[in-house]
Structure formats: C-alpha cells, structure tokens
Amino acid sequence: MKVGLFIPCYVNQLYPQVAIATLELLEKLNVDVYYPQGQTCCGQPLGNSGYEEDSKGACSLFVENFKEYDYIVGPSGSCIYHVKHHFDILEQTPEVIRVRNNAYELCEFLVKILDVKDLGASFPHKVGLHKSCHGLRGLKLGSCSEMMGPHFSTEEDLLNKVKGLKLMSLSRKDECCGFGGTFSVFEEAISVKMGKDRVQDHLDSDVEVITGADHSCLMHLEGLINRNKQPLKVMHIAEILNSSL
Amino acid sequence: MKHSEKAEIFNKDEAKVNWHDKALWYVREKRDNSAHKVKGWEYLRELGSGIKANVLSNLDEYLIQFESNAKKNGIHVHWASNAEEHNEIVNSILVKHNAKKVVKSKSMLTEECHLNPYLEKKGIEVIDTDLGERIVQLAKEPPSHIVLPAIHKTKEEVDVLFQEHLGTKPSQGNPEYLVSEARKHLRNKFLKADVAITGVNFAVADTGGVVVCTNEGNADMGVHLAKAHIACMGIEKIIPQEKHLGVFLRLLARSATGQPITTYSSHFNKAEEGKEMHIIIVDNGRTEQLSREDFRASLHCIRCGACMNTCPIYRRSGGHSYDYTIPGPIGSILSPGKDLKKYSSLPFASTLCGSCSNVCPVKINIHEQLYKWRQVIVKEEKQPIIKKAILKTAGVVLSKPGLYDFAGKSARFALKNFPKFMIYNKLNAWGKARDLPEVKNDNFDEWFKKRNKDG
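Attention here is on the structure that accompanies the text. (Residues numbered from 1 in each chain as written. Chains lettered and ligands numbered in written order. Predicted model: local features only at pLDDT ≥ 70, side-chain atom pairs only at ≥ 80, totals over all residues. Heavy atoms only, no water.)

Remarks on the overall build of chain A
Here is step 1 of the chain: Per the secondary structure count, chain A includes 13 helices and 8 strands.
Here is step 2 of the chain: Over its C-alpha atoms chain A spans a radius of gyration of 17 Å, differing by no more than 12% from the 18 Å that the globule rule assigns to 245 residues.
Here is step 3 of the chain: Considered along the principal axes of its C-alpha atoms, chain A spans approximately 50 × 40 × 40 Å.
Here is step 4 of the chain: The buried share among the 245 residues of chain A stands at 66%.
Here is step 5 of the chain: When contacts within chain A are restricted to residue pairs at least 6 apart in sequence, those whose partners lie at least 24 apart make up 77%.
Here is step 6 of the chain: Working note: accessible area of chain A is about 8400 Å², and carbon and sulfur atoms make up 51% of it.
Here is step 7 of the chain: In chain A, 24 side chains carry a positive charge and 32 a negative one; their mean positions are 5 Å apart. (Helix = DSSP H or I, 4+ residues; strand = E, 2+ residues; numbered from the N terminus. Rg over C-alpha atoms; globule rule 2.2 N^0.38 Å. Buried < 20%, exposed > 50% of the residue type's maximum accessible area, 1.4 Å probe, protein only. Contact = heavy atoms within 4.5 Å. Areas by Shrake-Rupley, 256 points an atom, 1.4 Å probe, with all protein chains shown as cover. Lys, Arg positive; Asp, Glu negative; His and termini not counted. Charge placed at Lys NZ, Arg CZ, Asp CG, Glu CD.)

A few points about the packing of helix H4 (residues 56-66) of chain A against helix H6 (residues 94-102) of chain A
Residue and element names in this part refer to chain A.
Here is step 1 of the chain: Between H4 and H6, the shortest axis-to-axis distance is 10 Å and the interhelical angle comes to 80°. Of the possible angle classes, the one that applies to H4 and H6 is roughly perpendicular. Listed contacts from H6 to Phe62, Val63 and Phe66 of H4 are Glu95, Val96 and Val99. (Axes fitted to C-alpha atoms, helices over the stretch in contact; angles between N-to-C directions. Parallel < 35°, antiparallel > 145°, perpendicular 65-115°, else oblique.)

Some details on the sheet that holds strand E4 (residues 103-105) of chain A
Residues and elements named next belong to chain A.
Here is step 1 of the chain: The strand order E2-E1-E3-E4 describes an open sheet built from 4 strands, whose pairing is parallel. Looking at which strands have only one partner, the edges of the open sheet turn out to be strand E2 (32-34) and E4. The sheet shows a mean angle of 35° between the axes of neighbouring strands, taken without regard to direction. (Pairing = 2+ DSSP bridges.)

Description of the interface of chain A and chain B
Here is step 1 of the chain: Listed by partner, the interface residues are 68 residues for chain A and 75 residues for chain B.
Here is step 2 of the chain: For the pair chain A and chain B, the summed buried surface comes to about 6300 Å²; carbon and sulfur atoms form 59% of the total.
Here is step 3 of the chain: Of all residues in chain A, the largest losses of buried area upon contact with chain B belong to A:Gln13, A:Tyr51 and A:Met148, amounting jointly to 12% of the total for that side.
Here is step 4 of the chain: Where chain A packs against chain B, one counts 11 salt bridges. (Buried area = accessible area lost by both parts, 1.4 Å probe. Salt bridge = Lys/Arg side-chain N within 4 Å of Asp/Glu carboxyl O.)

A short note on the pairing of strand E5 (residues 126-130) of chain A
The two faces of a sheet get side chains in turn, since along a regular strand they alternate between them.
Residue and element names in this part refer to chain A.
Here is step 1 of the chain: Of all 5 residues making up E5, 4 are buried, and the element is well covered by its neighbours.
Here is step 2 of the chain: Pairing of E5 with strand E7 (residues 209-212) involves 4 bridges; the strand directions are parallel. The residue bridging Gly128 from the neighbouring strand is Ile210, located in E7.

Some words on the environment of A:Asp174
All names here are of chain A.
Here is step 1 of the chain: By the element assignment, Asp174 lies in the loop between strand E6 (166-167) and helix H10 (183-186).
Here is step 2 of the chain: Accessibility expressed as a relative area gives 3% for Asp174, which makes it buried.
Here is step 3 of the chain: C-alpha of Asp174 to C-alpha of Leu114: the two residues are 60 residues apart in sequence and 26 Å apart in space.
Here is step 4 of the chain: Discounting chain neighbours no more than four positions away, the residues touching Asp174 are Leu136, Arg137, Ser143, Cys144, Ser145 and Glu146.
Here is step 5 of the chain: A distance of 2.7 Å separates a polar atom in the side chain of Asp174 from the backbone nitrogen of Ser145. (Polar contact = N/O pair within 3.5 Å; in protein donor to acceptor, adjacent residues only side chain to side chain.)

A short note on the sheet that holds strand E5 (residues 202-204) of chain B
Residues and elements named next belong to chain B.
Here is step 1 of the chain: With respect to topology, 4 strands assemble into an open sheet ordered E8-E5-E6-E9, the strand pairing being mixed. Each edge of the open sheet carries a strand with a single partner, namely strand E8 (238-239) and strand E9 (264-268).
Here is step 2 of the chain: With 5 bridges joining them, strand E6 (residues 209-214) and E9 adopt antiparallel strand pairing. What sits directly across from Cys213, in E9, is Ser265.

Focus on helix H12 (residues 215-227) of chain A
Residues and elements named next belong to chain A.
Here is step 1 of the chain: Across its 13 residues, H12 extends 18 Å between first and last C-alpha, which sits within 8% of the 18 Å expected from 1.5 Å per residue.
Here is step 2 of the chain: Burial of H12 is extensive: 10 of the 13 residues sit out of reach of the surface.
Here is step 3 of the chain: Regarding H12, the residues found buried are His215, Ser216, Cys217, Leu218, Met219, His220, Leu221, Gly223, Leu224 and Ile225.
Here is step 4 of the chain: One or two positions beyond H12, positive phi appears at Lys229, with a value near 50°. (Expected span 1.5 Å × (residues − 1).)

Here's the deal with unusual backbone geometry
Note on backbone geometry: most residues besides glycine have negative phi, and most peptide bonds are trans.
Residue and element names in this part refer to chain A.
Here is step 1 of the chain: The phi angle at Asn30 is positive, at roughly 60°, despite the residue not being glycine.
Here is step 2 of the chain: With respect to the helices, strands and loops of the structure, Asn30 is situated in the loop between helix H2 (16-28) and E2.
Here is step 3 of the chain: When its relative accessible area of 70% is taken as the criterion, Asn30 is described as exposed.
Here is step 4 of the chain: Within the chain, Lys229 stands out as a residue other than glycine whose phi angle is a positive 50°.
Here is step 5 of the chain: Inspection of the secondary structure assignment puts Lys229 in the loop between H12 and strand E8 (233-236).

Digging into a nonpolar patch on the surface
All names here are of chain B.
Here is step 1 of the chain: A surface patch of nonpolar side chains, amounting to about 450 Å² of accessible area, comprises Phe413, Phe418, Phe421 and Met422.
Here is step 2 of the chain: As for its position among the elements, Phe421 is in helix H21 (residues 420-423).
Here is step 3 of the chain: Residue classification places Phe421 among the exposed residues on the basis of a relative accessible area of 61%. (Patch = residues over 30% accessible without salt bridge, like charges linked within 9 Å, V, L, I, M, F, W, Y side chains within 5 Å.)

Observations regarding the side chain of B:His20
Here is step 1 of the chain: Position of B:His20 among the secondary structure elements: in helix H2 (residues 14-36).
Here is step 2 of the chain: Apart from the residues within four sequence positions on either side, B:His20 is in contact with B:Phe10, B:Ile151, B:His152, B:Tyr314, B:Arg315 and B:Gly318.

Description of the packing of helix H8 (residues 131-138) of chain B against helix H9 (residues 155-166) of chain B
The relative placement of two packed helices comes down to the angle between their axes together with the axis-to-axis distance.
All names here are of chain B.
Here is step 1 of the chain: In the contact formed by H8 and H9, the axes pass within 10 Å of each other and the chain directions differ by 70°. Regarding the angle of H8 to H9, the classification is roughly perpendicular. Helix-helix and strand crossings are classified by hand; for H8 and H9 the assignment is left-handed. Touching Leu131, Ile135 and Leu138 of H8 are Val158, Leu161, Phe162, His165 and Leu166, all from H9.
Here is step 2 of the chain: Per-class residue counts for the contact of H8 with H9 are 7 nonpolar, 1 polar and no charged. (Left-handed = near helix turned anticlockwise from the far one by under 90°. Nonpolar A, V, L, I, M, F, W, Y, C, P; charged D, E, K, R; others polar.)

Here's what the structure looks like:
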C-alpha cells in the first residue's frame, strides 16, 4: 500500500509540527508513506470564495502529484472534503476519479483503512475536541447533533484510547467555530464572535487543550486565545496521537 | 449595505447577540429533542423531500388540478404572475366588499409582495394578528425570522412599544400582562374586520382546499368573523394528496419550534354559507427559480425556519442583516434568484458548515447551493478589486510549485521579521481581534528536505 502524504499549504508554511506528527504517525504504523514534492494547495480557498474557475490549475497539480498512490492522506478534513466534493470542475478522467475516491482525512484513514484502535499514545491532559464542520458534516467523521441516529465519532474513538487523556464534554458539541476560510476576513465581526463563543465553551468545560482534525479552525481559535491571553493550548489531533508513541 | 456590515452593527451590543443566540439555540435544541422522539425521522425527511421533488416536476398538472377542485368547492381562484398583480387582486376583492378593515394572519408571501404598505396607501387598515407579527408591525419593522418574527426584541422592548401604541401600563416586560393586553387589542380588531387574509402552508391538489398552521388560532378567528377570506399562496405550496399532510405536518411543527404539531392546523375547503373564499396563486419569480437546475430544490422549502435556528451566523447576526423577506440560509439561496446584485453578499454569509442542510425537513442541500451561488456571483457581479486581485493571483501561485514556495517563504519572512505596525493595520481584518500565527521554525518542505539529506 503506497500512501501519498498531503500537507495543506498553510500547515506546510505555518504549522510544520502538524505535518511532522502526521508523517511520524504514519511511519510508526509501518505505512509506506511518500511526500510528493511540488505540492501546493487543494484549491479550497478559491472555490469557497467563488473563484472555482481560477483553482483549476491548483486542482490539476494536486491530481498530478497524487495520481500514483493507493491512498492520499492529509491532516485536514476540509481540504480532503474539497478534493472529494469539488474536484468536479476538472474533466473526470480515471486519474481524477481515483484521486477523489482515495483521498482520506488522517483519522478516517487510521480507523477505516488501517483499523487502528489504540495507538499507544499518552497525553495526560483535559482535552476538548473541536469537531470541524467539513470533517463532521462533510466527511461524516462522526454523528451530528442535528441528525437522528446512533452516536459515533472517529476522533473520539482515537482520543479515548490515549492514556491519561480526559475528553471533556462541551455544551455545544459540534457548533462551527466561525473560521470558514475567507469568511474569517470578509465577515470579520461574526467570525470573531463565533470563535469567541467556541473558546468560551471550552473554558467553561475546564479544557486545557483544544484539539481537532482541521488546523484551520484551530488557527482561528488560537488567534483569539493568544490575543485574549486565555489559558488554553491548541494542538492538532495528529500531535496528540503521536505523543509518546 | 452588505450583510457583513449590518452584522457588524448588530454585534456592537454583545449582550443582545448572546441573548439572541441563546434564544434560538434553545429552539434548535427543542427541535432536536422533539425529532428524536419520532421513529424514522430521517426517513420522514426523505419522504417529504421526495414528495416535494415530485410536486416541482409536475407543478403545472398539480396546479391545474388544484384550481379545478377549488372551483368545484365554490372558491374563487386567481393567478398572479408577480407581486403587483397579487396586490391588485387583493385590492379588487376588498373594493368589491367595500372593505376598509383587514385582519391578516402570518404570511411570508404577503410580506414578500409588500401588501401592507400597498393597502395602507389606499386607506385600508391592515392588522397583523399573529402576536409577533403585530409587535414588528407596531415597531414599523419587517419580521426578522419567519416563524419568530419578533425574536430580535426583548420583552422589555415590547413593553415600551405597547405603552406607546396600545396605552398599556409599564410592567417591566411582564409577559402574561403584555399577552393579555395584546389579546384585548386584537379581539377588538377581529370583531370589526371586513375581510381576513391568510397565508397558506399547504394547498392540497386532490381536494382543492388549503391548510393554514398557527399557534394562536388567529387565522381561524379572522376567517370565521369576516365576510370574506383571501388565502395567498406561492405556486410551490402544492402537495398532491390530503394523505401527504401526515408527512408535512409532522415535519413542520417539530422543525419550527419543537412542537409535535402546531396548535391549529386549520383546513379551509370552502367558504361558509353566505361568505366568500378566494385563493390567489402567486408566481413572483418562482418559475424562474424552478428553471435553475442547481437551485430548483430551494423551492422545496416549507418555511419552518429550522435553518435559521441552527445557523451560527444567523443566530449572531440577526434576521434584519439579510435585508430580505426570508432571512438566514434559505433566504441566502432564494434571494440571489430575485435580485443577484442586491443580494450578492448573502451567499457569502456562511461558513458552509452544513448544519442548515442537516436540519432541513425537506432536505434542501442549502450549503451546496450557497457554494454554487458564489461561483455564479463572482462571474456575473462586479467584485471588490482587492479581493479579486488576491484570489486571481492565488490561483496562479497555487498552480506553480516554484511560485508557491517563494510566496510561502516571503509570507513567513514577513510574519517573522516585519514590525507589528506593518502587519497589524487596517487592511488586515484578521488581525483586528486575532493574533496571526507565530512563525518559529522552517516550513515542512525545508524540514523534510533536511531530514532526507541527514538520513
């Protein structure tokens, strides 16, 4: 099984520790993982802003970079969602279809494909899970509070096996954080208010570390936490799952 | 004014935003609990969506069937292609009855057609009889929510409003007192009304009758007391058979307020002895929306308001920031079809979180339609120069690994080395209330190259 590691553009530039944790995690699980050079971005910021046409170059490059792998794995629910759901702007060649079908968010890949249950990680802290919308509602990484049906959560399953980790219960389990890509800039006031409310829920729930499977949401929350000097840390779920493995 | 600007103004009063958000979240939770009690809720949604898809695919036939059955019941049926025609028809019926006083139950269609100001100009008194509607009518505001029209007003504000218009005593927002005073005031209006206007929740093709859902019984009160009843409906309100009501009535009330069923689901199948019943069937842009394949399903909407209650943006920006008859997520996909220029900021007032699509009782893919409207708007409407330049450039940069590498390094260099005032300025909306990420180490590409060299 050849796995292509996809590192979202902003993670590559701003949060290399998330990419390193993802790579190390996969390598420790004996996955045959490759990092194709010359990757940039999935095109999501353009598509979500209405400039889907201008994203075709980035999308084609993505396909070119990842067409030869059995699986494409990335530590970002929203980017993977974009590849799976919005690459219909490209001509649907067998390569494009293959890339779309084989793209996986990290947690989903660990649980569904590798059937990993316990990673042997240890992280003795009170953790709050931010369930990012594109992963949750888009990729169905877990059940949503507004849908009727049995409860499940890919991320919770993985975190619950981490030694010493206490997963805290939030009052609004899956409310959006207000990042939303360019929304965070063009609807600044609402975006900030939504983020503040998300942070407050974690503070009220006695959380020490906020985690999630999408670092863009965490970037937004961290920006607020740092500005307001709040006693919270932010870590991508890959960093927690990779700790003391 | 754009949605973002209005929302920013609404957000100046954070305590009020918190209150608005909590009030609507309470309704959303009530809806969740209520839906959980229905076995097969998701199946029911599927069924509702399927019936609506059938209706829209055969709309012409169902409308003709409905008209013919309604006429058999002695109902006068009128067709209006737009708001003006609708208003003129209403007026012609009022003239015929020499009516000067009208009571109206809640109807988003008459809001859409701006019926009240039209009739008021002709010297007719129009009283909205739904309590929330009456409150916003007294305040000279449009409803801010389709099911909870005055949700943006606190009881203290209503107290002041009633003192001013109904001559009530100050009560510090005592809800029992205010409701009882409103009841007295409205009763007087019901008794004196010449004609009653209602909306239509469902028009049943195989019976020719209409169903109106209220919690206050105000539609019934109005219709039974006045000598004529005018029911105004959009063409999409049709359901094929009476038995389908079982699906929609269960979905509607639970999605709207968490109630098992609205207090009154009133069936109007013919006029009472000696009275008249009229139905006005209105298009007003719906056929055009029906012709847009990507956006057709927006016409499934049964106006429950669940997408507004669940929408984290709506809850924190208030209904008036949308400046459209139907606010919130569903309004953001209906409004661009009416006026692309005026409403071009609304499809962007979303993080595409998808909760709206999940709660929608008739499974409208709202967040996917928001994404699609954005593509249309960027092509057809003039865009802000800076936004356009940034995104067009990003498109080129992200398609060329070399350029991307250079851009990434430059941005990281700037974040690391530029003085604060150069980074946190007016052009940087992100930095107004949030810190930018801190740049400490190499980027991942550099780390990876080094590791492979060393290894």
